[in-house]
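Observations on the three-dimensional arrangement
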Amino acid sequence: MLTINYLKENPAEVIERLKVKNFDASKLVQQVLDIDQERRQNQQELDSILAESNALSKEIGIMFKNGKAAEANEAKAKTGELKEKSRLLTQRSNEIDSEIWKLLVEIPNVPHSSVPAGKGEKENVEIKSAGTIPQLHKDALPHWDLAKKYDIIDFELGNKLTGAGFPVYKGKGAKLQRALINFFLDKAEEAGYTEVQPPILVNEYSGFGTGQLPDKEGQMYHCTLDNFYLVPTAEVPVTNIFRDVILNAKELPVQYTAYTPCFRREAGSYGKDVRGLNRLHQFDKVEIVNVAHPDRSYEVLDSMVAYVESLIKALGLPYRILKLCGGDTSFTAALTYDFEVYSAAQEKWLEVSSVSNFESYQANRLKLRFKDDNEKKTQLAHTLNGSALALPRIVAALLENNQTEDGIRVPEVLAKYLKFELID
RNA sequence: GGAGAAAUGGCAGAGUGGUCGAAUGCGGCGGUCUUGAAAACCGUUGUCCUUCACGGGACCGGGGGUUCGAAUCCCUCUUUCUCCGCCA
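Residues numbered from 1 in each chain as written. Chains lettered and ligands numbered in written order. Predicted model: local features only at pLDDT ≥ 70, side-chain atom pairs only at ≥ 80, totals over all residues. Heavy atoms only, no water.

1. Considering helix H3 (residues 26-65)
- Look at H3: 58 Å from first C-alpha to last across 40 residues, which is about the 58 Å you get at 1.5 Å a residue.
- Among all positions in H3, only Leu 28, Val 29, Val 32, Leu 33, Ile 35, Asp 36, Asn 42, Leu 46, Ile 49, Leu 56, Ile 60 and Met 63 are buried.
- Contact partners of the buried residues in H3: helix H1 (4-9), helix H2 (11-18) and helix H4 (69-104).
- Following H3 by one or two positions, Gly 67 has its phi on the positive side, about 75°. (Helix = DSSP H or I, 4+ residues; strand = E, 2+ residues; numbered from the N terminus. Expected span 1.5 Å × (residues − 1). Buried < 20%, exposed > 50% of the residue type's maximum accessible area, 1.4 Å probe, protein only. Contact = heavy atoms within 4.5 Å.)

Following this line, the structure appears as structure tokens:
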């Protein structure tokens, strides 16, 4: 969430820039400012009451020590009124805090000044397009048919075990998954990321920290008995490693990578785009997470974009990079680049990565701060993350684009992870 | 799952109702000394809210309570450790 101080200092700017996200913040911002005014006044009153009562208690203690019990008991009588006052002020203070909190979580992150206005996908700006779209032979098949033909992914079986959107990878299909995960993790390590294996169930504090809760509750699978959520992305557990943490400025940027399965309910998204691997309830993904100094977070974002691009290039897939418009940029992000690869048999661009700078929006929820050795104050850090990469659509594109009459060629970079060059 | 013990500052570890935000040691930072380093010595060393500032307030695992006053007493939750049971 945005900090109150930021809202207080730049109310007009916040309102103006949120229009790019098609969000009218004017009312919310005003409400926050009004309540904050009250909060401060309330706090001051409470503090002075407490100061008075602290002083009185101290005096009473000294009186008892000096054997002046009668005086002490007299003084005690005076405390009743102070207690009642402080009780009321404390109660009001709690109410105010929760009111402010409710308002703040409803205000989206302010988009970066370079984010174009726009309502949806169509207004996203293509900033780069590269690679060659392959000419497929005339009997070329979409990946779901290839999966069946070579018996590498079984959608019906997953349907039997769990339900739609939970495929079973078999034989060379399973090995391809494993190879991709290892390839992505090894590359991330080379790029300076530390590998972590986080839990894939998280508590509600973690869900809140990265912004999935409270508003996107319905996107996650919820284990109600223990109140845990299945992670929709490794971003959640990995970023929450830094919840309530104060880093030393020298440690920045911190770079973590993790492979996890990801679980998404995808409620309400049935229909045309969900065939085969295009949209699943469970999928594998390697994520990269950065915690950066505010002054350098956009450099870090650029480096992440370059890194993700290098992965897609290495796999030999045609791709394009989009800068998302305001309407498509998520609630919590300030700036997002999407990567899409071209899946030649479906003749479709598939989103395989989303790289975002959240600036201090998540950090404020997480209380993730850093401190310079020679500075007294702590400062909120910036958080960034990106898929590097999500497997299913990469697999879909690889299968479709690399199909030949003899079988499906496997990218050369995976050679050291696989004992075969052809899926046949 | 059952029984018991514990949770204090970066770490270790005092503190069982009153000037305790908290002794002491280690570590960190600054300094003296040194050609440099070590040792020794001196100083400093948590977070948050509020205030232009002085100052004030909150925090000793989380929440609640008792009391004029709580790190200290009570309730509750969480976590850790030990023992038993179960188990990959």
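This is not the end of the story, as more comes after the structure.
2. A closer look at the sheet that holds strand E8 (residues 246-248)
- Here we have 3 strands laid out as an open sheet, ordered E8-E14-E15, and mixed in their pairing. Whereas interior strands pair on both sides, the edge strands pair on one side only; in this sheet they are E8 and strand E15 (378-380). The sheet shows a mean angle of 40° between the axes of neighbouring strands, taken without regard to direction.
- Of the pairings in the sheet, the one linking E8 to strand E14 (residues 369-371) comprises 3 bridges and is parallel in character. Residue pairing in the sheet places Leu 247 in a bridge with Phe 370 of E14. (Pairing = 2+ DSSP bridges. Axes fitted to C-alpha atoms, helices over the stretch in contact; angles between N-to-C directions.)

3. Some details on a negative patch on the surface
- There is a patch of like negative charges on the surface, built from Glu 121, Glu 123, Asp 328 and Glu 351.
- Assignment of secondary structure puts Asp 328 in the loop between strand E11 (319-323) and strand E12 (335-343). (Patch = residues over 30% accessible without salt bridge, like charges linked within 9 Å, V, L, I, M, F, W, Y side chains within 5 Å. Areas by Shrake-Rupley, 256 points an atom, 1.4 Å probe, with all protein chains shown as cover. Salt bridge = Lys/Arg side-chain N within 4 Å of Asp/Glu carboxyl O. Lys, Arg positive; Asp, Glu negative; His and termini not counted. Charge placed at Lys NZ, Arg CZ, Asp CG, Glu CD.)

4. Thoughts on the protein's contact with RNA strand B
- Taken together, 21 residues sit near RNA strand B, with Arg 39, Arg 40, Asp 47, Lys 371 and Thr 378 positioned nearest.
- A breakdown of the atoms of RNA strand B within 4 Å of the protein gives sugar and phosphate a share of 72%.
- Lys 83 is positioned such that a nitrogen or oxygen atom in its side chain is 3.4 Å from a phosphate oxygen of RNA strand B.
- At 2.3 Å from a phosphate oxygen of RNA strand B is found a side-chain nitrogen or oxygen belonging to Lys 371.
- Secondary-structure elements contributing two or more residues to the surface near RNA strand B are H3, H4 and E14. (Near = heavy atom within 4 Å. Polar contact = N/O pair within 3.5 Å; in protein donor to acceptor, adjacent residues only side chain to side chain.)

5. Some thoughts on the domain arrangement of chain A
- Domain parsing of chain A yields domain 1 (4-104) and domain 2 (121-423).
- Look at where the C-alpha atoms of domain 1 and domain 2 centre, and you get two points 44 Å apart.
- The interface of domain 1 with domain 2 comprises 5 residues on the first partner and 9 residues on the second.
- Summed over both sides, the interface of domain 1 with domain 2 buries roughly 460 Å², with 55% coming from carbon and sulfur.
- By the criterion of area lost to domain 2, the three top residues of domain 1 are Val 20, Lys 21 and Trp 101, representing 77% of everything that side buries.
- The interface formed by domain 1 and domain 2 includes 0 salt bridges.
- The residue inventory of the side of domain 1 that touches domain 2, partitioned by class, reads 3 nonpolar, 1 polar and 1 charged. (Domains from an automatic or database assignment. Buried area = accessible area lost by both parts, 1.4 Å probe. Nonpolar A, V, L, I, M, F, W, Y, C, P; charged D, E, K, R; others polar.)

6. Here's the deal with the environment of Val 410
- When you line up the elements, Val 410 lands in the loop between strand E18 (407-409) and strand E19 (422-423).
- The contact partners of Val 410, leaving out residues within four places of it in the chain, are Leu 418, Phe 420, Glu 421 and Ile 423.

7. Quick word on the sheet that holds E19
- Taken together, the 3 strands give an open sheet; going across it, the order is E17-E18-E19, and neighbouring strands pair in antiparallel fashion. The open sheet is flanked by strand E17 (403-404) and E19, the only strands paired with a single partner.
- The sheet contact formed by E17 and E18 spans 2 bridges and is antiparallel. When the sheet's bridge partners are listed, Thr 404 is paired in E18 with Gly 407.

8. What about the state of the cysteines?
- Tallied over the full model, the rule gives 0 disulfides.
- In this structure Cys 223 is a free cysteine whose sulfur lies 15 Å from that of Cys 262, the closest cysteine sulfur available.
- By relative accessible area, which is 28% here, Cys 223 ends up partly exposed. (Disulfide = S-S within 2.5 Å.)

9. Some remarks on the environment of Lys 128
- The topology assignment puts Lys 128 in strand E1 (residues 125-130).
- With 148 residues separating them in the primary sequence, Lys 128 and Gly 276 have C-alpha atoms 27 Å apart.
- If near-sequence neighbours (up to four positions away) are discounted, Lys 128 is found in contact with Glu 309, Lys 313, Tyr 319, Arg 320 and Ile 321.

10. Section: unusual backbone geometry
- Cis geometry marks the peptide bond from Leu 213 to Pro 214, where omega comes out at 5°.
- Residue position: Pro 214 is located in the loop between helix H8 (204-209) and strand E6 (222-223).
- Note the cis peptide between Ala 388 and Leu 389, where omega equals 0°.
- Within the fold, Leu 389 resides in strand E16 (residues 382-390).
- You will see that Asp 151, though not glycine, has its phi angle at about 55°, which is positive.
- A positive phi angle, close to 50°, is found at Glu 359, a residue other than glycine.

11. Thoughts on the packing of H3 against H4
- Where H3 meets H4, the axes come as close as 8 Å, and the angle between the chain directions of the two elements is 160°. Of the possible angle classes, the one that applies to H3 and H4 is roughly antiparallel. The two elements H3 and H4 meet at a crossing, and its hand is left-handed. (Parallel < 35°, antiparallel > 145°, perpendicular 65-115°, else oblique. Left-handed = near helix turned anticlockwise from the far one by under 90°.)

12. Digging into the pattern of salt bridges
- Within the structure shown, the criterion is met by 20 salt bridges.
- Here Glu 81 ties to Lys 85 by a salt bridge, and the two come within 3.7 Å at their closest N and O atoms. Of the two residues, Glu 81 and Lys 85 both sit in helix H4, 4 residues apart, roughly one turn of that helix.
- The class of Glu 81 is exposed, set by a relative accessible area of 56%.
- Where Glu 99 meets Arg 92, a salt bridge forms, and the shortest distance between an N and an O atom there is 3.5 Å.

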